[in-house]
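Analysis of the macromolecular model
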Amino acid sequence: LRDQAVVTTSSQRYRSAFELFCKFVKFRFSVDVMKVGVGRMDVYLEAFVEACFKKFEGRRYQLCVNALQGVLLVCGYKFKHVLPSSRRCLTAWKRQVPTQSALPIPQHWVDVVAMLNILRGKVLLGLGLVVAFEGFLRVGELCRLRGSDILLPEDSVDSFYNCGLRIRVAKTGRNQFARISDPAVIVVLRYLKLITPPEGYCMGGATGKDFNAA
């Protein structure tokens, strides 16, 4: 039943990382992880995290997180709040090597798809794709953009530094700001601002289904 508490793929990753952790402890300390208590588990897991940090030079953070989750999955949730040293090492790891999210697809792919839509006569869909990609907008946020949500300072000197979009309702709250710094996308925003009434929808009533099909 413990495996059913998480999706199958997560359970597999946790168990795989836990097995690697067990092999590490067996090799380094000649100990069977399944026979250790709470205190020693924290010591061994902390050693595993530190060894991974050094061996992989700051990479493979998720492997250690999965190993910790594997301990909970295999050995039980009696370990949930009693691995302070291991968790502290993971926190320090994140501070030393902050996560950098990769782009979902390459920029030039977005440009190609946008151009194909424009050539097919779906101009707003094409322009919307490049705006959404630059501003990391969800489809719903893009579709709800109004003319007054495009923020473009009149001073051309500042135009490349303070352009952006007001997201009235976002997943993380209301009145969020998405900064736009790409000069080409700023030109698109100026065009959309020009053709869209203040309370009109920038995407002309397009829906998430339209963009998903694009």
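Here is what the cut-offs are and how they apply
- Residues numbered from 1 in each chain as written.
- Predicted model: local features only at pLDDT ≥ 70, side-chain atom pairs only at ≥ 80, totals over all residues.
- Heavy atoms only, no water.
- Helix = DSSP H or I, 4+ residues; strand = E, 2+ residues; numbered from the N terminus.
- Contact = heavy atoms within 4.5 Å.
- Pairing = 2+ DSSP bridges.
- Axes fitted to C-alpha atoms, helices over the stretch in contact; angles between N-to-C directions.
- Patch = residues over 30% accessible without salt bridge, like charges linked within 9 Å, V, L, I, M, F, W, Y side chains within 5 Å.
- Areas by Shrake-Rupley, 256 points an atom, 1.4 Å probe, with all protein chains shown as cover.
- Salt bridge = Lys/Arg side-chain N within 4 Å of Asp/Glu carboxyl O.
- pLDDT = per-residue confidence, 0-100.
- Expected span 1.5 Å × (residues − 1).
- Buried < 20%, exposed > 50% of the residue type's maximum accessible area, 1.4 Å probe, protein only.
- Arc of directions from axis to C-beta.
- Polar contact = N/O pair within 3.5 Å; in protein donor to acceptor, adjacent residues only side chain to side chain.
- Phe/Tyr/Trp six-rings, centres within 6.5 Å; stacked < 30°, edge-to-face > 60°.

Turning next to the environment of V25. Note on placement: V25 falls in helix α1 (residues 8–29). For the pair V25 and Y61, spaced 36 residues apart in the sequence, the C-alpha separation amounts to 18 Å. The contact partners of V25, leaving out residues within four places of it in the chain, are S30, V31, V33 and Y44.

This part covers the sheet that holds strand β2 (residues 163–170). Here we have three strands laid out as an open sheet, ordered β1-β2-β3, and antiparallel in their pairing. Both edges of this open sheet fall to β1 (150–151) and β3 (173–180), since each of them pairs with a single strand only. As judged from the seven bridges shared by β2 and β3, these two strands associate in the antiparallel manner. Within β3, the residue paired with A170 across the bridge is G173. Lying over the sheet, helix α6 (residues 123–135) contacts β2 and β3, oriented at roughly 100° with respect to β3.

The next point concerns a nonpolar patch on the surface. Among the surface-exposed residues, V112, M115, L116 and L119 lie close enough to one another that they form a single nonpolar patch of about 410 Å² accessible area. Mapped onto the elements of the fold, L116 is located in helix α5 (residues 107–119).

Structurally, the position occupied by V188 is in helix α8 (residues 183–195). Along the backbone, V188 and L127 are 61 residues apart, and their C-alpha atoms lie at a distance of 6.8 Å. Once residues lying within four places of it in the same chain are set aside, the contact partners of V188 are L127, V130 and V131.

Looking at the chain, the pLDDT average stands at 87 and 93% of residues meet or exceed 70. Low pLDDT (under 50) marks residues 155–159, which in the prediction has four contacts with non-local residues, meaning those over four places away or in another chain.

To continue, consider α8. The terminal C-alpha atoms of α8 lie 19 Å apart, and with 13 residues this matches the ideal 18 Å at 1.5 Å per residue to within 8%. Looking at α8, one finds that the buried residues are V185, I186, V188, L189 and L192. End-on, the buried residues of α8 take up no more than an arc of 155°, which puts them together on one face. The outward face of α8, more than 90 degrees from its buried face, is lined by the exposed residues A184, V187 and L194. The secondary structure elements touched by the buried residues of α8 are α6, β1, β2 and β3. One side-chain oxygen at the N-terminal end of α8 lies 2.9 Å from the backbone nitrogen of A184; it belongs to D182.

With that settled, the discussion passes to the pairing of β2. As judged from the two bridges shared by β1 and β2, these two strands associate in the antiparallel manner. The residue bridging I150 from the neighbouring strand is L165, located in β2.

A word on the packing of aromatic side chains. If you walk through the whole model with that rule in mind, you get seven aromatic pairs. For the pair F24 and F48, a centre-to-centre distance of 5.5 Å together with 65° between the ring planes defines the contact as edge-to-face. With a gap of 24 residues between them, F24 in helix α1 and F48 in helix α2 (residues 38–55) connect regions that are remote in the sequence. For the residue pair F24 and F48, the accessibility class agrees, reading buried in each case. Arranged with centres 5.6 Å apart and planes meeting at 75°, the rings of Y61 and W93 form a pair that is edge-to-face. Here W93 lies in helix α4 (residues 84–96) and Y61 lies in helix α3 (residues 61–75), a separation of 32 residues in the sequence. Ring-pair connections join several aromatic residues into one group, and the members of that group are F18, F21, F24, F29, Y44 and F48.

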